[in-house]
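The residues making up each chain are set out below.
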Amino acid sequence: MIESKLRAANSSVIYASGGIESKAGGYKYHTFTSSGAFLVTKDTSAVECLIVAGGGGGGAGHGGGGGAGGYIALSGLSLSIASFSIVVGNGGSGGVYNSSLGLQGGSSSGLGSTALGGGYGGGHNMIGTNGKNGGSGGSGGGGGNTGYGTGSGGSGTAGQGFDGGTGSGGSNWASAGGGGASAVGQNNSNNYDAGDGGAGIAWLNGITYAGGGGGCGGNAAGNGSGGVGGGGSGMNENGGAGATGTINTGGGGGGARNSHGGSGGSGIVIIRYPI
């Protein structure tokens, strides 16, 4: 009799495995910091899922901040008994000074949805005709500063993130911030002060994800701050390479003035359900 009552009380509890398993606040969490499988052994509903892609690499040489990885929050899902593939994207490499642009972050996916990697930050157009422009992605990378022309921000993806800021031309080389999950990257306000990365979004576990990388500051001043949610800060001519986005947040890498851009932070997938 007691056993049958316990079974009835737990009839809606999902039985699943995969990722790093934990319990808090009446929920069981499955946290994937790398790719794997989520195995459901009992049909359920009321499942919630966060999918964050890898952040984009920051720009090198008057570089803009990398865009945050795409951010998707799912709720009210009903899952049947099955094994679900979970993919966690890596952060994109930062640009190499006087050589190459950074890379877009890797996409993350799970439970039928895919978040796109963040766009790379633009750099000086010595590394390509369109090298000053930020790349598009989950959130767009910030535009670089060529000294004589505007570097456009990359486009974000609707429902996942926002555009990067515009890097205006000027002799002191400040650049724009990458877009984040909840805000566009800032334009550089003048030739000295870089744009900050766009802010991310706090998920149900109280942690903020998917902040954009900051742009580089002009001369010895005005670094752009990384957006809350793991975005890396930009660096001026005295600061070396741009800061790396925080791992497993999807934060964009910071841009650099006279050095390499920072790499984007890796993504994450989290699944939770009531217990």
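Residues numbered from 1 in each chain as written. Predicted model: local features only at pLDDT ≥ 70, side-chain atom pairs only at ≥ 80, totals over all residues. Heavy atoms only, no water.

Moving on: the overall build of the protein chain. Regarding its fold elements, the protein chain presents one helix and twelve strands. Rg of the C-alpha trace for the protein chain: 20 Å, near the compact-globule value of 19 Å for 275 residues, within the 12% margin. Considering only C-alpha atoms, the protein chain reaches an extent of 80 × 25 × 25 Å along its principal axes. With 275 residues in all, the protein chain has 53% of them scored as buried. Taken as a whole, the protein chain presents about 10,100 Å² of accessible surface, with 51% of it coming from carbon and sulfur. Put simply, the protein chain has 8 plus and 8 minus side-chain charges, and the middle of one group is 13 Å from the middle of the other. (Helix = DSSP H or I, 4+ residues; strand = E, 2+ residues; numbered from the N terminus. Rg over C-alpha atoms; globule rule 2.2 N^0.38 Å. Buried < 20%, exposed > 50% of the residue type's maximum accessible area, 1.4 Å probe, protein only. Areas by Shrake-Rupley, 256 points an atom, 1.4 Å probe, with all protein chains shown as cover. Lys, Arg positive; Asp, Glu negative; His and termini not counted. Charge placed at Lys NZ, Arg CZ, Asp CG, Glu CD.)

A few words on the sheet that holds strand β6 (residues 71–79). What links the strands of a sheet is backbone hydrogen bonding, and the strands pair in either a parallel or an antiparallel sense. With antiparallel pairing, the five strands of this open sheet are ordered in space as β2-β3-β12-β5-β6. Whereas interior strands pair on both sides, the edge strands pair on one side only; in this sheet they are β2 (20–24) and β6. Between one strand axis and the next, the sheet turns through 20 degrees on average, direction left out of account. Relative to strand β12 (residues 268–274), strand β3 (residues 27–32) is paired through six bridges, and the arrangement is antiparallel. Across the sheet, the residue bridging to Y27 is P274, located in β12. (Pairing = 2+ DSSP bridges. Axes fitted to C-alpha atoms, helices over the stretch in contact; angles between N-to-C directions.)

So, about the packing of aromatic side chains. Using the criterion set out here, one finds zero aromatic pairs in the structure. Lying over the aromatic face of Y27, R272 brings its terminal NZ or CZ to 3.6 Å of the ring centre. Positioned above the aromatic ring of W203 is the side chain of R272, whose terminal nitrogen or guanidinium carbon lies 6.0 Å from the ring centre. (Phe/Tyr/Trp six-rings, centres within 6.5 Å; stacked < 30°, edge-to-face > 60°. Lys NZ or Arg CZ within 6 Å of the ring centre and 35° of its normal.)

With that out of the way, let us pick up the sheet that holds strand β4 (residues 36–40). The three strands are arranged β1-β4-β7 in an open sheet whose pairing can be described as antiparallel. The open sheet has two free edges, formed respectively by β1 (16–17) and β7 (82–86), since each of these has just one partner strand. Pairing analysis gives five bridges linking β4 to β7, with the strands arranged antiparallel. Residue pairing in the sheet places L39 in a bridge with S83 of β7.

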